[in-house]
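A structural walkthrough
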Amino acid sequence: MSGKAKDLLKMDLYGLLGVENTATTKEIKKAYRQKALTCHPDKNPDNPKAVELFHQLSQALEVLTDAAARAAYDKICAAKKQAEERTRKLDDKRKKIKLERQAEAQTQEEVHISRTLEEEIARLREEGSRQLEEEQRLIREQIQREREAQQQQQTGEDGCSKSNLTPKLKLKWKYKKDDETNGGYSQDILLRLLQKYGDVLNVIVSSKKRGSAVVEYATVRAAELAFKNESGLSGNPLKISWLEGQPEVVLPSSQPGHFMSTQGALTNERDYESVVMMRMRQAAERQKLIEQMQREDEEEDARS
């Protein structure tokens, strides 16, 4: 018998998940998700016991959500239970004699019965458990959402961002009076240069005050990357400055998959309402910015 099968036979897979042996696949997956979230390695990097428990829970899910593997495991458990019942019915003297006579036979029977389970485990290792992969993916996503919610809460508490202002950068470049290309910059060209740092909500190129524009980013991190790294066209570099939303402290580097889509982050009606209110504020800010640029253009025309 392989070490993997022996290890499984030592564990009560149903008890480990906290479900009955009549539990449905849906109930088993739900129990796994609840328990695995508390001991996931990402949450317990310095706790080897938690990591081991997570591994055991994953083994339980892998076997109990596969029909053939579960049937083999249930058969072994039933055989062991029957043997224990027979043993309990014997008196002390007969028990000793019976155990001595059956020791070798029971060992052979256990090897024979467990062979099927061992074969099913080997098959699962070769094919991969789709149920296990799917559940672990869902757990990783749940942990990621919890981290993002915590980071958003911390950002609001420690003042890393300025109220509800979306981050905006002011762009300037050189241009000639009769240059119809506006120094080589257009809204499309600016968008192409700037969107590689993150989602761009809007790019406003001044129609009267040439050689200037404003870009509005969805996140402070994206605006900060553009501010630090974008130089513009080689023949006519950009001069970038903060207009609104400059971070007061250095933000931590974003991790892979840190920014999720708004739709993916919506978990309830309250989240949806918050996003709607945020979009309304952003639209009002954009309109205010456009009006401000128009006033500046008019003032400049009046002076000239």
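Residues numbered from 1 in each chain as written. Predicted model: local features only at pLDDT ≥ 70, side-chain atom pairs only at ≥ 80, totals over all residues. Heavy atoms only, no water.

Under an unreviewed UniProt entry, the name given to the chain is DnaJ homolog subfamily C member 17, and the source organism is Sphaeramia orbicularis. According to the UniProt record, the Function (unreviewed entry) comment for the chain is "May negatively affect PAX8-induced thyroglobulin/TG transcription." (UniProt positions renumbered as here; feature names shortened; annotations may be inferred.)

1. Notes on the sheet that holds strand β6 (residues 239-244)
On the basis of which strands lie adjacent, the open sheet formed by 4 strands has the order β2-β3-β1-β6 and antiparallel pairing. The open sheet has two edge strands with one neighbour each: β2 (200-205) and β6. Taken over all neighbouring pairs, the strand axes of this sheet differ in orientation by 20 degrees on average, direction set aside. As paired strands, strand β1 (residues 168-172) and strand β3 (residues 212-217) are joined by 5 bridges and run antiparallel to one another. Along β3, the bridge assignment pairs Lys 172 with Ser 212. Sheet contacts for helix α8 (residues 187-194): β1, β2 and β3; angle to β2, the most-contacted strand, approximately 145 degrees. The sheet strands contacting helix α9 (residues 220-229) are β1, β3 and β6, and the helix crosses β6 at an angle near 155 degrees. (Pairing = 2+ DSSP bridges. Helix = DSSP H or I, 4+ residues; strand = E, 2+ residues; numbered from the N terminus. Axes fitted to C-alpha atoms, helices over the stretch in contact; angles between N-to-C directions. Contact = heavy atoms within 4.5 Å.)

2. Here we look at the packing of helix α3 (residues 25-39) against helix α4 (residues 48-64)
Where α3 meets α4, the closest approach of the two axes is 9 Å, and the angle between their N-to-C directions is 165 degrees. As summarised for this structure, α3 and α4 are arranged roughly antiparallel, according to the angle between their axes. The interaxial crossing formed by α3 with α4 has left-handed handedness. Residues Ile 28, Lys 29, Tyr 32, Lys 35, Ala 36 and Cys 39 of α3 form the contact with α4, whose participating residues are Ala 50, Val 51, Leu 53, Phe 54, Leu 57, Ser 58, Leu 61 and Leu 64. (Parallel < 35°, antiparallel > 145°, perpendicular 65-115°, else oblique. Left-handed = near helix turned anticlockwise from the far one by under 90°.)

3. A look at unusual backbone geometry
Among all residues save glycine, negative phi is the norm, and among peptide bonds the norm is trans. Residue Asn 182 is not a glycine yet carries a positive backbone phi of 55 degrees. Here Asn 182 is to be found in the loop between β1 and α8. Exposure remark for Asn 182: the relative accessible area of 8% places this residue in the buried category. (Buried < 20%, exposed > 50% of the residue type's maximum accessible area, 1.4 Å probe, protein only.)

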